[in-house]
Amino acid sequence: MKSLQKILLLTTTLSQVSFLVNAICQNFGKNCPEDAPCCNNGWCSNDPKFCSTGCEPGNSFSPKSCYPQPLCINQYDDFSKPSLVPWQSFTGDPNQATWTSDFTPDYAAYTNDGQLALNMKYDGVNKNEKGNYQGFGSTVSSTRWLEYGTVTARIKTGSSTKGVVSSFIVSTLIKTKNMIGDEIDYEWVGLDPTEAQGNYYYNGTLDYTKGSHHKVGADTSAGFHTYTIEWMPEHIRWIIDGNIVRTSLKSDTWDETLQAYKFPSRLSRVQFSMWDGGMGAPGTADWAGSPTDWSDKNRAYTMYVDWVNITCYYTGNTSTTWPPEGYGPKKKSSGSPTEQGSYATLGVNVPDNFAAPGTNSSQIVPETPNYNAPTLPKLVAPIAVVCTVTIIGAVIFGVWRYRKGRKCIFELRQRKRVKNCEREIAVNFTFFTEVVIDALAALKKIDT
């Protein structure tokens, strides 16, 4: 029993050590310090916006340095009351605003008619990866996250010409974590503005074979139509103007190799987006239509959202205080500048204006892997796992062999089972040596 207690204690200690080894905020070089505890976009800060969307619990001072994701409440928003803030000024408090505008420059706003307008304008300063100037669009995200539910929006798209893409999304997307996660969407492209396209993605895998095309019966950029995403634990439905146009069942997504359902199930936000698909990569440009018409450099393409209705699958998440007890930076009133209430951001190449997750591009598309990234962040996780498993295995093996060895040594002293005991001791030593050699070989493979 005492040996088992020692093993459990060692396992717990090693898991804590593993967390510390893995905790590296990229531009700071290690896990964040207590006075700037939140890691976001690779920098450490005590600024509330660093501690909300995009905050990385594993790379922060502690998992509770990041605010929890505010959960869904049933709400109908006709945009008659201002509840949209630039992401840079969002504190993470869902009671502060219903929506954030995620890009800088900010081209999202309310109209005088009480509608949400997302604009895309020509960017003649920055070229994309294909060397083309393109439009810079807008993304608006909900400040609360839902796990299943029904979202309906009345939308007039901005996809009036080739290349212009309008989107209505339920997504896990947080690009600062270099992952996509799950997504369910509607997209409208200027190549054919009379149809809506629907798709869903699981765990960052962009499987375009699951896409579907649905004729709306009119130019979606010329008038409003209602679009619904019904996301339930067992199915997803796409509903246009009250008509079910597609149903996807969770039971049809079973993957025998993964032994898992490839079905969206992560907490997600509601998002609306405008982006330029016609001036980018050939595959995207062919899909959206190309080239995007920028003959008038002063024009703007606009997507309008008249209202949104969100019905949560899980309810009872209304909160009146923020942040929840124990989360976020510690509040202090004296001492260092950060203790006095000012904000400090730590790390190399800190930008003058910290951008929201995903603002390095106006397109809701996956990031490509950074093969030039430092090797240490890549290695620490597998090294920690291999070392932990090896040590725990060696300890368990040692305890077992120790018990047998004590008996064997006693018998050696009594001159009983001499040959068997000598062989047993030799086998123990050989086996332990092989474990160490295998572990070193595994680390060498990881390093290469």
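Rules behind the numbers
- Residues numbered from 1 in each chain as written.
- Predicted model: local features only at pLDDT ≥ 70, side-chain atom pairs only at ≥ 80, totals over all residues.
- Heavy atoms only, no water.
- Buried < 20%, exposed > 50% of the residue type's maximum accessible area, 1.4 Å probe, protein only.
- Helix = DSSP H or I, 4+ residues; strand = E, 2+ residues; numbered from the N terminus.
- Pairing = 2+ DSSP bridges.
- Axes fitted to C-alpha atoms, helices over the stretch in contact; angles between N-to-C directions.
- Disulfide = S-S within 2.5 Å.
- Contact = heavy atoms within 4.5 Å.

Visitor: Help me out: how do you make sense of the pairing of strand β15 (residues 225-231) in this one?
Guide: On a regular strand, one side chain projects to one face of the sheet and the next to the other, so that they alternate. Here β15 lies mainly inside the structure; six of its seven residues are buried. Bridge count for strand β10 (residues 149-156) against β15 is seven bridges, and the pairing is antiparallel. Bridge pairing links Ile155 to His225 in β15.

Visitor: I keep staring at the sheet that holds strand β9 (residues 138-142) and nothing clicks. Help me out?
Guide: Sheet strands associate in pairs through backbone hydrogen bonding, adopting either a parallel or an antiparallel arrangement. Reading across the sheet, the eight strands line up as β4-β5-β9-β20-β11-β12-β13-β14 and stay open at both edges, with mixed pairing between neighbours. Of all the strands in the sheet, just β4 (84-86) and β14 (212-215) have a single pairing partner and so form its edges. Ignoring strand direction, the axes of neighbouring strands in this sheet form an average angle of 20 degrees.

Visitor: Could you clarify how one ought to interpret the state of the cysteines in this entry?
Guide: Here a disulfide denotes a covalent bond joining the sulfur atom of one cysteine to the sulfur atom of another. Tallied over the full model, the rule gives five disulfides. Each sulfur in the disulfide pair Cys38 and Cys51 lies 2.1 Å from the other. In this structure the cystine formed by Cys38 and Cys51 twists about its S-S bond by roughly 95 degrees; its chirality is therefore right-handed. Here Cys38 is found in strand β1 (residues 38-40), whereas its partner Cys51 is found in the loop between β2 (43-45) and β3 (75-77), with 13 residues between them in sequence. What makes Cys38 buried here is its relative accessible area of 0%. A residue is classified by how much of its surface remains accessible, and Cys51, at 0% relative accessible area, is buried.

Visitor: When you look at the pairing of strand β8 (residues 133-136) in this model, what are you seeing that I'm missing?
Guide: With four bridges connecting them, strand β7 (residues 116-127) and β8 associate as antiparallel partners. Each bridged residue has a counterpart across the sheet, and for Tyr122 the counterpart in β8 is Gly135. The turn linking β7 back onto β8 is made up of five residues, and Gly131 within it adopts a positive phi angle of 80 degrees.

Visitor: Looking at this structure, I do not really get the side chain of Ser83. What am I missing?
Guide: With respect to the element layout, Ser83 can be found in the loop between β3 and β4. Each residue touching Ser83, except ones within four places of it in the same chain, is listed here: Ala97, Thr98, Trp99 and Tyr110.

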